[in-house]
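Tertiary structure, described
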Amino acid sequence: SQTIHQWPATLVQPVGSPLSLECTVEGTSNPNLYWYRQAAGRGLQLLFYSVGIGQISSEVPQNLSASRPQDRQFILSSKKLLLSDSGFYLCAWSGRTSRLSYNEQFFGPGTRLTVL
Amino acid sequence: AQSVTQPDIHITVSEGASLELRCNYSYGATPYLFWYVQSPGQGLQLLLKYFSGDTLVQGIKGFEAEFKRSQSSFNLRKPSVHWSDAAEYFCAVVPNTGTASKLTFGTGTRLQVTL
């Protein structure tokens, strides 16, 4: 079966510090990968998605960047965090095999980021 | 661009009562439709989805949803709510085209269950 991991689970960082959040998927190959952010009291906003290694699409202009160095690894980064980067970050994957619904996304447990 | 509206930010129901959470979408064609549930501090779990066919879809945990094309709605229902259903519920849509599943979420409805 497929599983998705995110770490760290929680993170408290000072303004201006760098950020690296990691997401890995097991049990599938060549997935689509996604980063979402959920700000307090708001819905989920798609930040980045990737359809393959090294292929990153950004949905909103921001202080963050994403990379996909391996097929099942997706990293969210920042060089200098802002207060507005605080939120709950969710990684998701969707499969493209014949057994799985193409558009169905499966979410990781999330990372709670607090920027002080 | 497509959008999703969940008009109810917060709903409180008694345990054992019926539940209906509203969702309306705006999109030129019929998109794929989803309901997700999120317990506090956790990720999202898919409750059910609609791609095509029967407009009444059954999901996990006793939930169902009905797609009504004429109303651009995909409301979530449960005949008898349990205290463990207290969570936040998100409706989402994705165009049935493209190479990536770019979900657009509603702002969510927080469900509180009273005993």
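In this report, we go over the structure that sits alongside the text. (Residues numbered from 1 in each chain as written. Chains lettered and ligands numbered in written order. Predicted model: local features only at pLDDT ≥ 70, side-chain atom pairs only at ≥ 80, totals over all residues. Heavy atoms only, no water.)

Overview of the overall build of chain A
What counts, and what does not: Secondary structure elements follow DSSP: runs of H or I of four or more residues count as helices, runs of E of two or more count as strands, with numbering from the N terminus. Note that the radius of gyration is over C-alpha atoms, with the globule rule given as 2.2 Å times the number of residues to the power 0.38. When checking whether two residues touch, look at their non-hydrogen atoms; a contact exists if any pair is within 4.5 Å. Areas reported as accessible are Shrake-Rupley estimates using a 1.4 Å probe. Residue values count occlusion only from the protein chains shown. In this charge count, Lys and Arg are treated as positive and Asp and Glu as negative; neither His nor the chain ends contribute. All charge positions are set by atom: Lys at NZ, Arg at CZ, Asp at CG, Glu at CD.
Counting secondary structure elements, chain A contains 0 helices and 11 strands. In summary, chain A has a C-alpha radius of gyration of 14 Å against a globular reference of 13 Å for 116 residues, a match within 12%. Judged by the C-alpha coordinates and their principal axes, chain A covers about 45 × 25 × 20 Å. Residue pairs at least 24 apart in sequence account for 56% of intrachain contacts in chain A once pairs closer than 6 positions are excluded. Accessible area of chain A: about 5400 Å², with a carbon and sulfur share of 53%. In chain A, 9 positive and 6 negative side-chain charges are present, and the distance between their average locations comes to 5 Å.

Remarks on the state of the cysteines
Residue and element names in this part refer to chain A. Just so we agree on the cut-off: Put simply, a disulfide is two cysteine sulfurs that come within 2.5 Å. Only protein chains enter the accessibility calculation, which uses a 1.4 Å probe. A residue is then buried if its area is under 20% of the maximum for its type, exposed if over 50%, and partly exposed in between.
Per the counting criterion, the structure on display carries 2 disulfides over all chains. Each sulfur of the disulfide joining C23 and C91 lies 2.0 Å from the other. Torsion about the S-S bond of the C23 and C91 cystine: about -75°, corresponding to left-handed handedness. Of the two residues, C23 sits in strand β3 (residues 19-26) while C91 sits in strand β9 (residues 87-94), which places them 68 residues apart along the sequence. You can call C91 buried: its relative accessible area is 0%.

A short note on the pattern of salt bridges
Residue and element names in this part refer to chain B. Rules: Only one rule defines a salt bridge in this text: a Lys or Arg side-chain nitrogen within 4 Å of an Asp or Glu carboxyl oxygen.
Taken as a whole and assessed by the stated rule, the structure comprises 7 salt bridges over all chains. A salt bridge links E66 to R77; the nearest nitrogen and oxygen atoms lie 3.1 Å apart. Here E66, found in strand β8 (residues 64-68), pairs with R77, found in strand β9 (residues 73-78); they are 11 residues apart in sequence, far enough to count as distant. A salt bridge links D85 to K78; its shortest N-O distance comes to 2.7 Å. The same class applies to D85 as to K78, namely buried.

Here we look at the environment of S94(A)
Residues and elements named next belong to chain A. Rule in force here: A 3.5 Å cut-off defines polar contacts: any pair of N or O atoms within that distance qualifies, except that in protein one atom must be a possible hydrogen donor and the other a possible acceptor, and neighbouring residues in sequence count only when both atoms are side-chain atoms.
Position of S94 among the secondary structure elements: in strand β9. Judged by relative accessible area, S94 falls into the buried class, the value being 0%. A C-alpha to C-alpha distance of 6.7 Å links S94 and L33, two positions 61 residues apart in sequence. Within the structure, the side chain of S94 is placed 2.9 Å from the side chain of Y34, a separation counted as a polar contact.

Some details on the pairing of β9(B)
All names here are of chain B. Applied cut-off: Two strands make a pair as long as DSSP finds a minimum of two bridges between them.
Where burial is concerned, most of β9 is hidden: 5 out of the 6 residues are buried. Across 3 bridges, the pairing between strand β3 (residues 19-21) and β9 is antiparallel. Pairing of L21 across the sheet is with L76, part of β9. The sheet contact formed by β8 and β9 spans 5 bridges and is antiparallel. Paired with F67 across the strands is F74, a residue of β9. Linking β8 back to β9 in an antiparallel pair, the connection comprises 4 residues, with S72 at a positive phi of about 50°.

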